[in-house]
Amino acid sequence: MTSIKNPPRWGIEPVPFQHRVLRERDYFILWSSLGVGLLVFSAGSFLSDASFIDAMLAIVIGSLVGSFLLALAGKIGSDCAIPSLVSMRPSFGIYGSYLPAMLNVIQLIGWTIFEIMIMSKAAEMLVGKFIPFYVWAVIFGIFVTLLGILGPLTVIKQWLGKFAIWLVYASSIIMIISLIMSENLPKLLSSPGSGMSFFPALDIVIAMPISWMPIAADYNRFAKNSNSALRATIIGFAITNILFYFGGILLGVTDVVLIIGAIQSIFFGFLILILIVSETDNTFADVYSAAVSTQNIYHKINQRYLIVGFTSVSTILAMMIPIAQYETFILLIGAVFVPLFGVVLSDYYIVRNRKYTEDMLFGKSALKIGFAAIISWSVGVVVYYLLSPLSPIHMAELPKIGATIPSIIVSSSLYLIMVRLKGHRERKVREPAS
């Protein structure tokens with residue numbers, strides 16, 4: 001039996017070959033589980049403003065495209081056995097990767113607060129005021145801390161693979177079938193929508209799988225086979241993303257707390273309990289990756305201390321802050337990673353032809369600051385914010401083409417152009433004068 005070492009033994013260095021033990025089944029379980037969530041129901045409800053045809057096309061296409069991009073980001077990790085933020089170093093430079101690392105920690109702590117608040121609210125609604133909200137927050141905080149300390153291999157193989165995932169699958173099937181059999185489906189089929197076109201709907205769907213891109217390699221770096229991890233990531237996430245976006249349309253409720261109440265009233269309390277279980281893996285992933293992202297900057301800090309610290313802070317804030325007031329702020333921070341990975345994927349798959357060396361990642365000659373990547377990323381972020389209705393600088397007069405795909409195309413194209421121009425200039429400098 002393969003032994004499982006504690007997370008601090010890995011840090012941000014490449015995972016030793018003998019510990020790359022996760023198989024295709026493991027990744028299907030992991031990413032199908034991470035595709036399940038109350039937040040997906042909430043996002044899916046916004047698609048009710050589109051016609052049924054446009055909504056379903058957006059759900060299927062957006063889930064497949066988004067899951068493919070997610071898997072490509074994860075494949076850098078499984079090819080090179082490195083976490084996500086380290087995969088940015090060849091393009092952004094070691095110091096250049098520090099800003100994305102800090103932004104990633106901020107958004108991951110924000111989502112941890114959100115998840116703890118949601119789990120605690122659901123548990124409180126399930127048992128009444130007998131156990132108050134803050135007690136549940138502490139209970140879930142302790143449990144998530146334990147999962148983080150155990151690390152991804154134990155969580156995936158033991159907690160998810162042997163227990164939690166079967167509850168998640170069972171509850172998901174029951175909920176989707178019940179929603180399909182409800183009176184909402186006939187209304188949805190005949191509804192012309194209220195003005196949302198295909199591309200904005202696509203943007204809403206594709207945002208969910210892409211939101212996991214900054215942490216994908218943190219888990220896919222443990223893959224026994226890189227190609228099998230790629231397949232399982234695409235298939236696993238796409239299936240549950242499609243199902244839960246469709247369920248969100250049928251449920252038709254945007255507020256997450258109201259969604260909990262709706263599910264409880266329709267499906268009885270035991271499904272709420274199962275949904276609570278399904279949220280723990282999302283929270284674990286946020287906390288664990290926040291610790292790994294921090295180690296990209298401060299690699300000597302013990303990973304366990306970071307996990308305990310981040311979860312403790314998140315638990316306290318979950319008891320103090322009405323998370324709904326800054327949920328949009330978290331989404332806007334997460335949006336900066338959309339064009340960022342346009343740069344990272346272009347660098348790895350096109351510029352470097354899938355060849356990252358250890359010297360590029362950790363060596364003394366490694367790039368310190370990648371100006372071409374930073375400039376391309378910045379332009380892509382501006383494009384995203386101009387096109388996104390969530391943004392304070394959104395320009396409503398621009399075409400309704402979504403923000404995700406255009407920002408990826410702009411950042412990727414600009415980066416490739418700048419790299420090619422730089423290479424051309426360097427070749428001319430090396431050429432002897434005629």
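**Looking at the overall build of the protein chain**
Next, step 1: A count of helical and extended segments in the protein chain gives 18 helices and zero strands.
Next, step 2: The burial tally for the protein chain puts 57% of its 434 residues in the buried class.
Next, step 3: Counted over contacts in the protein chain with a minimum sequence separation of 6, partners at least 24 positions apart contribute 86%.
Next, step 4: As displayed, the protein chain has an accessible area near 18400 Å², and 69% of this comes from carbon and sulfur atoms.

**Details of the pattern of salt bridges**
Next, step 1: All chains considered together, the criterion is met by six salt bridges.
Next, step 2: Where D79 meets K75, a salt bridge forms, and the shortest distance between an N and an O atom there is 3.0 Å. Here K75 and D79 lie together in helix α3 (residues 52-80), a separation of four residues that amounts to about one turn.
Next, step 3: In this structure D79 comes out as partly exposed when scored by relative accessible area, which is 24%.
Next, step 4: D79 is the partner of R354 in a salt bridge, and the nearest nitrogen-oxygen pair spans 3.7 Å. Placement of the pair is R354 in the loop between α15 (337-351) and α16 (358-362) and D79 in helix α3, with a sequence separation of 275 residues.
Next, step 5: Judged by its relative accessible area of 44%, R354 falls in the partly exposed class.
Next, step 6: Linked through salt bridges whose partners overlap, the residues forming this network are K75, D79 and R354.

**A few points about the confidence of the model for the protein chain**
Next, step 1: Averaged over all residues, the pLDDT of the protein chain equals 86, while 88% of them reach at least 70.
Next, step 2: In this model, residues 1-8 is a region of pLDDT below 50 whose contacts with residues beyond four sequence positions or in other chains number 17 contacts.

**Looking at α3**
Next, step 1: Taking 1.5 Å per residue, 29 residues should reach 42 Å; α3 reaches 42 Å between its end C-alpha atoms and fits that length.
Next, step 2: In the segment just after α3, A81 is the residue with positive phi, at about 60°.

**Quick word on the packing of aromatic side chains**
In this description, an aromatic ring pair is defined by two values, namely the gap between the centres and the angle between the planes.
Next, step 1: Taken as a whole, this structure holds 17 aromatic pairs when the rule is applied.
Next, step 2: Centroid distance F284 to Y288: 5.9 Å. Interplanar angle 25°. Geometry classified as stacked. Of the two residues, F284 and Y288 are both situated in helix α12 (residues 256-295); the distance of four residues between them amounts to about one turn of the helix. The burial state of F284 is the same as that of Y288; both residues are buried.
Next, step 3: Ring pairs connect the aromatic residues W31, W212 and F237, which therefore count as one cluster.

**Quick notes on helix α2 (residues 38-45)**
Next, step 1: Buried residues dominate α2, accounting for eight of its eight residues.
Next, step 2: Of the residues making up α2, those classed as buried are L38, L39, V40, F41, S42, A43, G44 and S45.

**Some words on unusual backbone geometry**
Next, step 1: For N353, which is not a glycine, the phi torsion comes out positive at approximately 55°.
Next, step 2: Tracing the backbone through its elements, the reader meets N353 in the loop between α15 and α16.
Next, step 3: Phi is positive for R354, which is not a glycine, with a value near 60°.

**Digging into the side chain of S63**
Next, step 1: Mapped onto the secondary structure, S63 falls in helix α3.
Next, step 2: Beyond its immediate chain neighbours, meaning those up to four positions away, S63 contacts A58, V205, A238, N241 and I242.

**Brief notes about the packing of α3 against α15**
Next, step 1: Contact pair α3 / α15: the axes reach a minimum separation of 11 Å and the direction vectors enclose 50°. What the angle tells us is that α3 and α15 run oblique. Between α3 and α15 lies a crossing whose hand is left-handed. Of α15, the residues touching α3 (which contributes L69, L72, A73, K75, I76, D79 and C80) are F341, V344, L345, Y348 and Y349.
Next, step 2: Residue composition of the contact of α3 with α15, by class: ten nonpolar, no polar and two charged.

**Focus on the environment of L167**
Next, step 1: Here L167 shows up in helix α7 (residues 152-180).
Next, step 2: Residue L167 is classed as partly exposed on the basis of its relative accessible area of 27%.
Next, step 3: Sequence-wise, L167 and V277 are 110 residues apart; in three dimensions their C-alpha atoms are separated by 7.9 Å.

**Some words on the environment of G161**
Next, step 1: Within the element layout of this structure, G161 appears in helix α7.
Next, step 2: Judged by relative accessible area, G161 falls into the buried class, the value being 7%.
Next, step 3: Among all residues touching G161, those that are not within four sequence positions of it are R25, I29, I156 and W166.

Rules used throughout
- Per chain, residues are indexed from 1 in the order of the written sequence.
- Thresholds applied to this predicted model are a pLDDT of at least 70 for local features of residues and 80 or more for the giving and counting of side-chain atom pairs; totals over whole chains, interfaces and linings are not thresholded and use all residues.
- Side-chain metrics rest on all non-hydrogen atoms present in the structure, leaving aside hydrogens and water.
- Segments assigned H or I by DSSP are reported as helices when at least four residues long, segments assigned E as strands when at least two residues long, and all are numbered from the N terminus.
- Three exposure classes are used, based on accessible area relative to the maximum for each residue type with a 1.4 Å probe and protein chains only: buried under 20%, partly exposed in between, and exposed over 50%.
- We call two residues contacting when some pair of their heavy atoms lies within 4.5 Å.
- Note that accessible areas follow from Shrake-Rupley with a 1.4 Å probe, and for residues the cover is restricted to the protein chains shown.
- Note on definitions: salt bridges are taken to be side-chain nitrogens of Lys or Arg within 4 Å of carboxyl oxygens of Asp or Glu.
- Known as pLDDT, the predictor's per-residue confidence is scaled from 0 to 100.
- Take the residue count of a helix, subtract one, and multiply by 1.5 Å to get its expected span.
- Two rings from Phe, Tyr or Trp (for Trp, the six-membered ring) form a pair when their centres are within 6.5 Å of each other. A pair whose planes differ by under 30 degrees is stacked, one over 60 is edge-to-face, and the rest are tilted.
- Structural elements are reduced to axes, namely lines fitted to C-alpha atoms, with helices fitted over the stretch in contact, and the angle between N-to-C directions of any two is expressed from 0 to 180 degrees.
- Working definition: roughly parallel below 35 degrees, roughly antiparallel above 145 degrees, roughly perpendicular at 65 to 115 degrees, and oblique for all remaining angles.
- Rotating anticlockwise by less than a right angle from the far helix to the near helix defines a left-handed crossing, while the corresponding clockwise rotation defines a right-handed one.
- Any residue that is not Ala, Val, Leu, Ile, Met, Phe, Trp, Tyr, Cys, Pro, Asp, Glu, Lys or Arg is counted as polar, Gly included; the first ten are nonpolar and the last four charged.

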